[in-house]
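An overview of the molecular structure
Residues per chain, in single letters:
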Amino acid sequence: MTRRAALALALGCLLLGPAPADEIHASQRLSGYDMMGAEAQAMQRDDFANPAMLAVKEGEGLWNAVPGQGRPSCQSCHGNAAASMKGVAARYPAREASTGRVLDLPGQIQTCQSERQGIAPAARESAALLALEAFLAMQSRGAPLASPRARGLDDAVSRGEALYRQRFGQLDLSCAQCHSQNWGRSLGGTRIPQAHPTGYPLFRMEWQAIGSLQRRFRNCMTGIRAEPFPPGAAEWIDLEIYLKERAAGMAMDAPAVRP
Amino acid sequence: MATAMILLPRTVIRAGDVVMLKAMISHPMETGFRRTETGGEIPRNIIRQFSCRYMGELVFSCDFHPAIAANPFLSFPVIAARTGPLEFVWRGDNGFLHREQAMLQVAAS
């Protein structure tokens, strides 16, 4: 290596900063599916035993439903979801070209509802929004999660990583302390997963219901006795973007089952 | 409104075959024993009874109780006789009623 190249490399390292020591190597990444028990895996593999498929079926109905006279259904703009929505959920959150806003998938559905369909958007965590999310996620099953950096969301990735490493709440814990530094170990009766959001929205047996990634975030926040951000907050979306950068390339298994 | 899924065997069925039917329905199965954060009772909301009729004849029924998980999944055998309609009915608290129909195709042997 020439002296100049070495200098450039050193400078590059200085600018980028060292990779955090707890970063999980790509070869060591495990999804929630990989880390759960055989019974739960079998339940997810069988589309008929997976309760999240009920939401997919409901979502398909909503996709085709005309919300009112003279108002378009999802299908009338987007056509057949199996073709037009293939891989789309794997590319969210995304920046809306016309306004520059960054929207996650439920936020995009809500925007379509209010701006294109002219109806009141479904509330976050409502059955209707989860059903549409599940139906869209289903169209991306098996697709690799796209890197948010590659679609110009570098700022959000950095903000999300800062949140991931920030300690919160009375227990004063960061996401990284559990999910990067102690994954695979026990927390109560459960194994700590690596926090790769490959399967959302998913049916969690603990919830006895299908829920979104933000519900999972809220669970973690209340678990460490911190006050969660409000539903749809920009912080949640930044965190989702960072987690998807961290999980980029992993295959989506939505709508998943988790214990 | 509930969503239900019915699964019939995908293989060719002949008269006399024992076939497994599967039925799943979206339902919260709220036990009635839980309370809200402020201590208020969450009223019970469960499915009470399920029945399946094959060509009008009752072939399977069962009662549900509060300890059954959300989105109850049932799998039960029937003996195929000839091609005919299957009717699945779930009844529950608060006047809950959901019907699904399917056609059991029996091949001529």
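Residues numbered from 1 in each chain as written. Chains lettered and ligands numbered in written order. Predicted model: local features only at pLDDT ≥ 70, side-chain atom pairs only at ≥ 80, totals over all residues. Heavy atoms only, no water.

1. Some thoughts on the overall build of chain A
The condition that has to hold: Segments assigned H or I by DSSP are reported as helices when at least four residues long, segments assigned E as strands when at least two residues long, and all are numbered from the N terminus. Type-normalised accessible area, obtained with a 1.4 Å probe on protein chains alone, sets the label of each residue: buried when under 20%, exposed when over 50%, and partly exposed for intermediate values. Only the protein chains shown count as covering a residue, and every accessible area follows the Shrake-Rupley method with a 1.4 Å probe. For the charge count, each Lys or Arg is scored as positive and each Asp or Glu as negative, with His and the chain ends excluded. One atom stands in for each charge, and that atom is NZ of Lys, CZ of Arg, CG of Asp or CD of Glu.
The number of helices and strands found in chain A is 12 helices and 7 strands. Along the first, second and third principal axes, the C-alpha set of chain A runs to 70 × 45 × 35 Å. Burial statistics for chain A: of 259 residues in total, 46% are counted as buried. Accessible area of chain A: about 13,100 Å², with a carbon and sulfur share of 56%. Across chain A, 28 positive and 24 negative side-chain charges occur, with their mean positions spaced 3 Å apart.

2. Comments concerning the pairing of strand β4 (residues 57-63) of chain B
Residue and element names in this part refer to chain B. The cut-off we apply is this: Only when DSSP finds a minimum of two bridges between them are two strands counted as paired.
As judged from the 6 bridges shared by strand β3 (residues 47-54) and β4, these two strands associate in the antiparallel manner. Across the sheet, residue Y54 finds its bridge partner in β4, namely E57. Where β3 folds back onto β4 in an antiparallel hairpin, the turn is made up of 2 residues, including M55, whose phi is positive at roughly 55 degrees.

3. As for the interface of chain A and chain B
Quick reminder of the rule: Here, two residues are considered to be in contact whenever any of their heavy atoms come within 4.5 Å of each other. Buried area: the sum, over both parts, of the accessible surface (1.4 Å probe) that disappears when the two are put together. Criterion for a salt bridge: a side-chain nitrogen of Lys or Arg within 4 Å of a carboxyl oxygen of Asp or Glu. Definition of a polar contact: a pair of N or O atoms within 3.5 Å, with one able to donate and the other able to accept a hydrogen when the atoms are protein atoms, and with sequence-neighbouring residues admitted only if both atoms are side-chain atoms.
Taken together, the contact pairs 12 residues of chain A with 14 residues of chain B. The junction of chain A with chain B conceals about 1,000 Å² of combined surface from both sides, 69% of it contributed by carbon and sulfur atoms. Linking chain A with chain B are 0 salt bridges. Seen at the junction of chain A and chain B, the total is 2 residue pairs in polar contact (both at pLDDT 80 or more).

4. Side note on the packing of aromatic side chains
Let me state the cut-off plainly: Two aromatic rings from Phe, Tyr or Trp, using only the six-membered ring of Trp, form a pair when their centres are within 6.5 Å; if the ring planes differ by under 30 degrees the pair is stacked, by over 60 it is edge-to-face, and anything between is tilted. When the NZ atom of lysine or the CZ atom of arginine is within 6 Å of a ring's centre and also within 35 degrees of its normal, the charge is said to sit over that ring.
Inspection of the entire model under this criterion finds 11 aromatic pairs over all chains. With 4.2 Å between their ring centres and 5 degrees between their planes, F60 of chain B and F76 of chain B make a pair best called stacked. One end of the pair, F60 of chain B, is in strand β4; the other, F76 of chain B, is in strand β5 (residues 73-79), and 16 residues separate them in sequence. Under the relative-accessibility criterion, F76 of chain B is labelled buried at 1%. Aromatic ring contacts, followed pair by pair, group F50, F60, F76, F88 and W90 of chain B into a single cluster. When the ring centre of W207 of chain A is taken as reference, the NZ or CZ atom of R204 of chain A above it lies at 5.0 Å.

5. Section: unusual backbone geometry
Residue and element names in this part refer to chain A. At the junction of Y200 and P201, the peptide bond is cis and its omega measures out at -5 degrees in the coordinates. Among the structural elements, P201 can be located in the loop between β4 (190-191) and β5 (202-204). The linkage connecting A254 with the following residue, P255, adopts the cis geometry, with an omega of -15 degrees. As for its placement among the helices and strands, P255 is situated in the loop between α12 (234-246) and β7 (257-258). Here D172, not a glycine, exhibits a phi torsion of approximately 55 degrees, which is positive. Tracing the backbone shows D172 in the loop between α9 (154-165) and α10 (175-179). Judged by relative accessible area, which is 37%, D172 ranks as partly exposed.

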